[in-house]
Amino acid sequence: MFAAAALMLTASCAKNAEQSADNATENQAKEQFEENIDNGSTPQVETQKASNLIELAGDNLEQLTAEKGQVLAIDFGATWCGPCQKFHPTFDEAALKFPAAKFVYVDIDENPGAAEKYNVEAVPTIIVIDTKGNETRYTGINELLPSDKFFTIIENASK
């Protein structure tokens, strides 16, 4: 009986030690997050990345194609472009929301051939190709934000 009591006490202590370690790790993360905010830096938050969201690499124009009947959304932007940066989270979120579609981000400074092929003259330029192959071009973000506007565009392109 003493052995059983000792075993239960040991298990209980181990569980409490585990919870204490988890709480300490969580508290450290919270403290670091708050310290980053106090110092004026932007805390890094893990975000989920959709598998149907790619960034064009080295003017690989084959990445700018979709399967027959698949919606393709291409976001031409640049790191120095404020409106591009404002739209980027919506583009990422749409990729999560519409897994059957393909979303490609193109940095025009790193991929000038792609921008030239699609006659991109201003950023941001977003091109949506629907399931029938029809292309719609949006220059600027007024027609795309708030996010629901862009989601509706992708939804309609999927029909």
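Residues numbered from 1 in each chain as written. Predicted model: local features only at pLDDT ≥ 70, side-chain atom pairs only at ≥ 80, totals over all residues. Heavy atoms only, no water.

A.B. asks: Teacher, can you tell me more about unusual backbone geometry here?
C.D. replies: Excluding glycine, residues mostly carry a negative phi; peptide bonds, for their part, are mostly trans. With an omega of -5 degrees, the peptide bond between Val123 and Pro124 qualifies as cis. Position of Pro124 among the secondary structure elements: in the loop between helix H3 (112-117) and strand E4 (125-129). A cis amide bond, omega 5 degrees, links Leu145 with the succeeding residue Pro146. Take Pro146: it is sitting in the loop between strand E5 (135-139) and helix H4 (147-157). (Helix = DSSP H or I, 4+ residues; strand = E, 2+ residues; numbered from the N terminus.)

A.B. asks: Just checking my understanding: could you explain the side chain of Lys102 for this structure?
C.D. replies: Looking at where Lys102 falls in the secondary structure, it is placed in strand E3 (residues 102-107). Reaching out from Lys102, the side chain makes a polar contact with the backbone oxygen of Thr65 at a distance of 2.6 Å. Ignoring anything within four residues of it in the chain, the contact list for Lys102 reads Asn52, Ile54, Glu62, Gln63, Thr65, Ala66, Gln70, Val71, Leu72 and Ala73. (Polar contact = N/O pair within 3.5 Å; in protein donor to acceptor, adjacent residues only side chain to side chain. Contact = heavy atoms within 4.5 Å.)

A.B. asks: Would you take a moment to explain the sheet that holds strand E1 (residues 53-55) for this structure?
C.D. replies: Strand-to-strand pairing in sheets goes through backbone hydrogen bonds, with the strands running parallel or antiparallel. What the 5 strands build is an open sheet, ordered E1-E3-E2-E4-E5; its pairing is mixed. The open sheet has two free edges, formed respectively by E1 and E5, since each of these has just one partner strand. Neighbouring strand axes in the sheet, compared pairwise and without regard to direction, differ in orientation by 15 degrees on average. Across 6 bridges, strand E2 (residues 72-77) lies against E3 in parallel orientation. By the bridge assignment for E3, Ile74 is matched with Val104. Running at roughly 25 degrees to E4, H4 makes contact with E2, E3, E4 and E5 of the sheet. (Pairing = 2+ DSSP bridges. Axes fitted to C-alpha atoms, helices over the stretch in contact; angles between N-to-C directions.)

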